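Commentary on secondary and tertiary structure
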Amino acid sequence: MALPPQDERTLPAVVLRDVARRPLEQALAEMQALVEHHGHVIVVCSQAAPTAVQRRLHTLRSLMESDRIALFRPDLPPLGLAVLARQLRQLASCDISPGVLASAGRLLVHYIHAGALLSSVTRLDRVPVGLKSHAKSWVPGSQFGVLAHPEPQLVRITPEAALPGPEFGTWMLVAKGQLQSDWVTGTLAPSWKVQGLRETPLPAESPGWWGTGKLIEFCSYLPDLSVLYQLVTSVRRSRCHWCGIDVIGDRCVFCSAIPPDHDSPPRKQLENRTAVG
């Protein structure tokens, strides 16, 4: 799901539609065109995506033998994933190198609170659910507040029900499914002291992810580009010892290399020495 721009600087998203169903040649041509046009490509893919999709993405990257394609699969529900992808689109308009931008996703995911209000948890298998909650879900009219990220939480909706929220200012995005309730906007949002509230259509993958179509999905996030930029640029950068690109963290998002136990020259330097020799 590609969310509409957060501001006038937000870059458009490219949706890889039916990437596992189309002929391999077509998907390969599309990816090659993206790399040639943009230089680097960051693919944000859900961990809940079908195995065929994940395999196809790795196949495309292998066939192209390219270190300019980053595959990022955060453990977020559909709406949270869409929000994170939009934040990366916001940052893509800034003077941030491709390696740092791709690494930023692993940083920003910690500032996202994502969950849903559900009418039943009998088919919910992505968040730990106790037998007691399963039994209560059979009671007509029961509703459950579920926080999937950053720490799984589940509560049955009562006048005292609450979910732990962010300790910093956020906005909240709400996507309504086939459930009628004002608990998210009337109770949860005020308790989290959100600074703004917006609605969006429910992602197509949400009913499958949450195990029911009777839900209201929500996600709190940092909306301001200036805050996102400050967060990312304040983190120490390092250079990948293998491909030489600047990254945040201990693993290169493009070539997947991790720092060695000892210092060694980057691959580009090794190639230059070999050429000279």
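Okay, so let's go over this structure.

The rules behind the values
Residues numbered from 1 in each chain as written. Predicted model: local features only at pLDDT ≥ 70, side-chain atom pairs only at ≥ 80, totals over all residues. Heavy atoms only, no water. Helix = DSSP H or I, 4+ residues; strand = E, 2+ residues; numbered from the N terminus. Buried < 20%, exposed > 50% of the residue type's maximum accessible area, 1.4 Å probe, protein only. Contact = heavy atoms within 4.5 Å. Areas by Shrake-Rupley, 256 points an atom, 1.4 Å probe, with all protein chains shown as cover. Pairing = 2+ DSSP bridges. Axes fitted to C-alpha atoms, helices over the stretch in contact; angles between N-to-C directions.

1. Some points on the overall build of the chain
When helices and strands are counted, the chain shows 9 helices and 10 strands. Looking at the chain as a whole, 45% of its 277 residues qualify as buried. A separation of at least 24 residues holds for 72% of the contacts in the chain among residues at least 6 apart in sequence. On the chain, roughly 14,700 Å² of surface is accessible, and the fraction owed to carbon and sulfur atoms is 50%.

2. Brief notes about the sheet that holds strand 4 (residues 144-149)
Sheet strands associate in pairs through backbone hydrogen bonding, adopting either a parallel or an antiparallel arrangement. If you trace the 6 strands from one edge of the open sheet to the other, you get 5-4-3-8-6-7, paired in mixed fashion. Of all the strands in the sheet, the pair left with one neighbour each is strand 5 (153-156) and strand 7 (196-199). Direction aside, the axes of adjacent strands within the sheet are offset by 20° on average. Together, strand 3 (113-118), strand 4, strand 6 (171-176), strand 7 and strand 8 (215-221) form the strand contacts of helix 6 (residues 183-191), whose direction differs from that of strand 6 by roughly 160°.

3. Regarding helix 4 (residues 98-108)
Spacing of three or four residues puts side chains on the same side of an α-helix, whose turn is 3.6 residues. Of all the 11 residues making up helix 4, 9 are buried; the element is thus mostly covered by neighbouring parts of the structure. The set of residues buried in helix 4 consists of G99, V100, L101, A102, S103, A104, G105, L107 and L108. The inward-facing, buried residues of helix 4 abut strand 1 (41-44), strand 2 (69-72), helix 3 (78-91), helix 8 (225-233), strand 9 (237-239) and strand 10 (246-248).

Just geometry here; none of it tells us what the structure is for.
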